[in-house]
Amino acid sequence: MTFGTFAAGRAGAPAAAAPPRETLSGNFLKITGDGFRRGELQGLRLRDGALRLRAAGEGSWTSPIYYTQDFNDLVVSWNSDTPEGTWVELSARAWLPARQHWTCWLSWGRWSTRIARASVRGEDEYCWANSVPGYGDSTLNLKDDLVAGAFQLRAVLHADAEAACPSLRLAAASFKNTADPDWPQTCALSEPEVPEMKSVLLDTPAFSQRCRAPEYAGVICSATCIAMQLCGRGEDVLPEDIALLAYDHGYGGNGNWSFSTAAAGAFGYESYVHYMSFKGLRQELTRGCAVALSVKYGREKEGKYPYWENALTDTGGHLILAVGYRFDEARGEYVYLINDPFTPSDAETAHREFPESQLRAAWYRRAAYLVHDKTGSGAAAQTRVFAVLRPVAGRPDCWAVVWDGRFLPVPADFCAEPRRTPEHGTIFCTLEGDWRPLPEGVRRMTGNLAGRYEGLSVTPEGWLRFENDIPARAAREGKTFTVHVIGNTGRAVMALAEPYAKPYQPGEAPKPSRAGRLWRWVLPVGLAAAATVAFFHGRHKK
């Protein structure tokens, strides 16, 4: 294949010093560690296996030019650590042999769990970004039957003057040529091949998205799958954590593929999007990793969407989680075991059977989320503070959040537009031991506690008012209950109420309770205290 003369700068610019070039086999690229050295660094350095800023401000990395098989669709992924006051931004451009021209650089948007992250509209005469019009399908797509034969990646890291240093641990890309009817056969393995097991069934946790926060329960399949994958790797997170931290303010939803895997990466795990084959799917499951799949399916054989015999609804865009497979001798094909989050209960989510002949049509774009073991600390993803709840003296229906001897008032409008309004979020409570049923072989996590979202509000004083039976049940049964306050810019508080807790006297600062001292702090005390104050009060300082 002939590429002609590459322009090193903007589209149409005169040729400059040519960047390095590499040839890829298959349809996938993953760059980590020393792989970043093969690109051009400006204001960055490679340290401890990740790209880091040399000083506050901005720095960039530009990859070599990668020769590829023909493609017209490319998705980019990244794993980064972005403390308060920092962000990263990934971009890509494609080389068009037929036009002897580069596309423009298309951005996937600025990313951090600490900002109002947003995909952006991008387009030129050759390509367009699908994130906003495509409801989060975060891809570079070519126009007019054009195909590309090479691409380049670029990353920008930013830190405010007083901020900690961001880092980039992974950059990845997967691509395909949808004009070729046989393109699924070109999907390569993203990891070295291992001997395939005859059957697999992982104990990956199962969460129903429909049991979560009612304001957005119907539209967080992507976030719920990432939460199940992270819990399967050992991270105890909730679907609400991911829904709030990966929300795309650009198109207004949680379906952004790249943001979803970036959220898993923010917790320290290797994660990326890959256009993959069924062999690749079985390879991941053999390795012990559940895989999220982008699908569309329906209940009718001759319906609008591909038929699935175990479908409970019709959907034109959904994420499900493959947790196992077996070969069905009677059918003469593989059957995949699926956690489908769009079910009425956690128990019904787990281990739904999807024959390969039906999944082949439903998994129409072959897009998959992969989550592997930790490669980073994950400390910057979310500041978690553990506090205590105390009943307010003279107000039997109200409770105060107290941390380190201080009353932490919750903003009265905190739950308004929980995903869309910066520094807002979700509040719910759980009762000790109040587990939702699960089938045998499914690991139980905090997310399987029955959450109560109704009957809980915030008073003008910043207290929590209970209009449900949780405090009464806890007192009657001698149990604790917990309130979860989860923000959409990386801050969360878990407040535990003990039976017969000492009342909080308004205007007083009670001493830290024994329960508070016994919590295992996730972050150093000073940092957690500062973040907690900012969490509840920061928006009033703007």
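Residues numbered from 1 in each chain as written. Predicted model: local features only at pLDDT ≥ 70, side-chain atom pairs only at ≥ 80, totals over all residues. Heavy atoms only, no water.

Here's the deal with the overall build of the protein
Across its full length, the protein carries nine helices and 30 strands. For the protein, the proportion of its 542 residues judged to be buried stands at 61%. Taking as baseline every contact in the protein between residues at least 6 positions apart, the subset at least 24 positions apart corresponds to 71%. Of the accessible surface of the protein, which amounts to about 21,100 Å², a share of 49% is contributed by carbon and sulfur atoms. (Helix = DSSP H or I, 4+ residues; strand = E, 2+ residues; numbered from the N terminus. Buried < 20%, exposed > 50% of the residue type's maximum accessible area, 1.4 Å probe, protein only. Contact = heavy atoms within 4.5 Å. Areas by Shrake-Rupley, 256 points an atom, 1.4 Å probe, with all protein chains shown as cover.)

Comments concerning the environment of Gln-100
The residue Gln-100 is located in the loop between β9 (86-96) and β10 (101-102) in this model. Polar contacts involving the side chain of Gln-100 include one to the main-chain carbonyl oxygen of Pro-97, which spans 3.1 Å. (Polar contact = N/O pair within 3.5 Å; in protein donor to acceptor, adjacent residues only side chain to side chain.)

Considerations on the nonpolar core
With 112 residues, the main nonpolar core has Trp-78, Phe-151 and Leu-293 as its most contacted residues. The biggest single contributor to this core is helix α1 (residues 221-232), with eight residues. Not counting the four nearest positions on each side in its chain, Trp-78 is found in contact with Val-88, Leu-90, Trp-108, Trp-111, Leu-168, Leu-170, Ala-171, Ser-258, Phe-259, Ala-262 and Ser-271. Formed by 24 residues, the second largest nonpolar core is a distinct cluster that contains Ala-387, Leu-389, Cys-429 and Phe-466. (Core = buried A, V, L, I, M, F, W, Y, C linked by side-chain atoms within 4.5 Å.)

Focus on the pattern of salt bridges
Considering all chains together, one arrives at 30 salt bridges under this definition. The residue Asp-34 makes a salt bridge to Arg-37 at a minimum N-O spacing of 3.1 Å. Judged by its relative accessible area of 52%, Asp-34 falls in the exposed class. Looking at Arg-37, the relative accessible area reads 54%, which means it is exposed. Between Arg-326 and Glu-353 there is a salt bridge, with the nearest N and O atoms lying 2.6 Å from each other. Taken together, the residues span a long stretch of sequence, with Arg-326 in strand β19 (residues 315-328) and Glu-353 in strand β21 (residues 352-355) at a distance of 27 residues. Looking at Arg-326, the relative accessible area reads 26%, which means it is partly exposed. Exposure remark for Glu-353: the relative accessible area of 33% places this residue in the partly exposed category. One salt-bridge network, held together by shared partners, links Glu-196, Arg-282, Glu-356 and Arg-360. (Salt bridge = Lys/Arg side-chain N within 4 Å of Asp/Glu carboxyl O.)

Digging into α1
With 12 residues, α1 should cover 16 Å at 1.5 Å per step; its first-to-last C-alpha distance of 16 Å lies within 8% of that length. Of all 12 residues that make up α1, 12 are buried, and the element is covered over most of its length. Of the residues making up α1, those classed as buried are Cys-221, Ser-222, Ala-223, Thr-224, Cys-225, Ile-226, Ala-227, Met-228, Gln-229, Leu-230, Cys-231 and Gly-232. (Expected span 1.5 Å × (residues − 1).)

Some remarks on the packing of aromatic side chains
On inspection of all chains with the given rule, the structure shows 24 aromatic pairs. Both rings, one in Phe-71 and one in Phe-151, keep their centres 6.1 Å apart while their planes meet at 85°; by these two values the pair is edge-to-face. Of this pair, Phe-71 sits in strand β7 (residues 65-71) while Phe-151 is found in strand β14 (residues 148-159), placing the two residues 80 residues apart along the sequence. Ring geometry for Phe-71 and Phe-175: centres 5.4 Å apart, planes at 50°, overall tilted. Of this pair, Phe-71 sits in strand β7 while Phe-175 sits in strand β15 (residues 167-176), placing them 104 residues apart in sequence. The exposure class of Phe-71 is buried, given its relative accessible area of 0%. (Phe/Tyr/Trp six-rings, centres within 6.5 Å; stacked < 30°, edge-to-face > 60°.)

Observations regarding the environment of Arg-117
Its location among the elements puts Arg-117 in the loop between β11 (106-111) and β12 (127-129). Separated by 133 residues in sequence, Arg-117 and Gly-250 have C-alpha atoms that sit 7.6 Å apart. When residues no more than four places from it in sequence are discounted, the contact partners of Arg-117 are Arg-110, Trp-111, Ser-112, Leu-244, Leu-245, Ala-246, Tyr-247, Asp-248, His-249, Gly-250, Phe-259 and Asn-488.

Concerning the pairing of strand β8 (residues 73-81)
Counting buried positions along β8 gives nine out of nine residues, so the element sits mostly inside the fold. On β8, burial covers both faces: Asp-73, Val-75, Ser-77, Asn-79 and Asp-81 on one face and Leu-74, Val-76, Trp-78 and Ser-80 on the other are all buried. Strand direction decides the pairing type here: β8 and strand β13 (residues 139-142), joined by three bridges, are antiparallel. The partner of Val-75 across the bridge, within β13, is Thr-139. Here nine bridges tie β8 to β15, and the two strands are oriented antiparallel to one another. In the strand pairing of β15, Asn-79 is matched with Leu-170. (Pairing = 2+ DSSP bridges.)

Considering the packing of α1 against helix α3 (residues 257-266)
Packing of α1 against α3 brings their axes to within 10 Å, and their N-to-C directions diverge by 30°. Put simply, α1 runs roughly parallel to α3. In this structure, α1 meets α3 at a crossing whose hand is right-handed. Along its contact with α1, which presents Ser-222, Ile-226 and Leu-230, the element α3 presents Ser-260, Thr-261 and Ala-264. Class assignment of the residues belonging to the contact of α1 with α3 gives a composition of three nonpolar, three polar and no charged. (Axes fitted to C-alpha atoms, helices over the stretch in contact; angles between N-to-C directions. Parallel < 35°, antiparallel > 145°, perpendicular 65-115°, else oblique. Left-handed = near helix turned anticlockwise from the far one by under 90°. Nonpolar A, V, L, I, M, F, W, Y, C, P; charged D, E, K, R; others polar.)

Observations regarding unusual backbone geometry
With a phi close to 55°, Asp-48 is a non-glycine residue in the positive phi region. Classification of Asp-48 by relative accessible area gives exposed; the value is 66%. Its identity as a non-glycine residue notwithstanding, Asp-404 has a phi of 55°, on the positive side. Here Asp-404 shows up in the loop between β24 (395-403) and β25 (406-407). A relative accessible area of 46% places Asp-404 in the partly exposed class.

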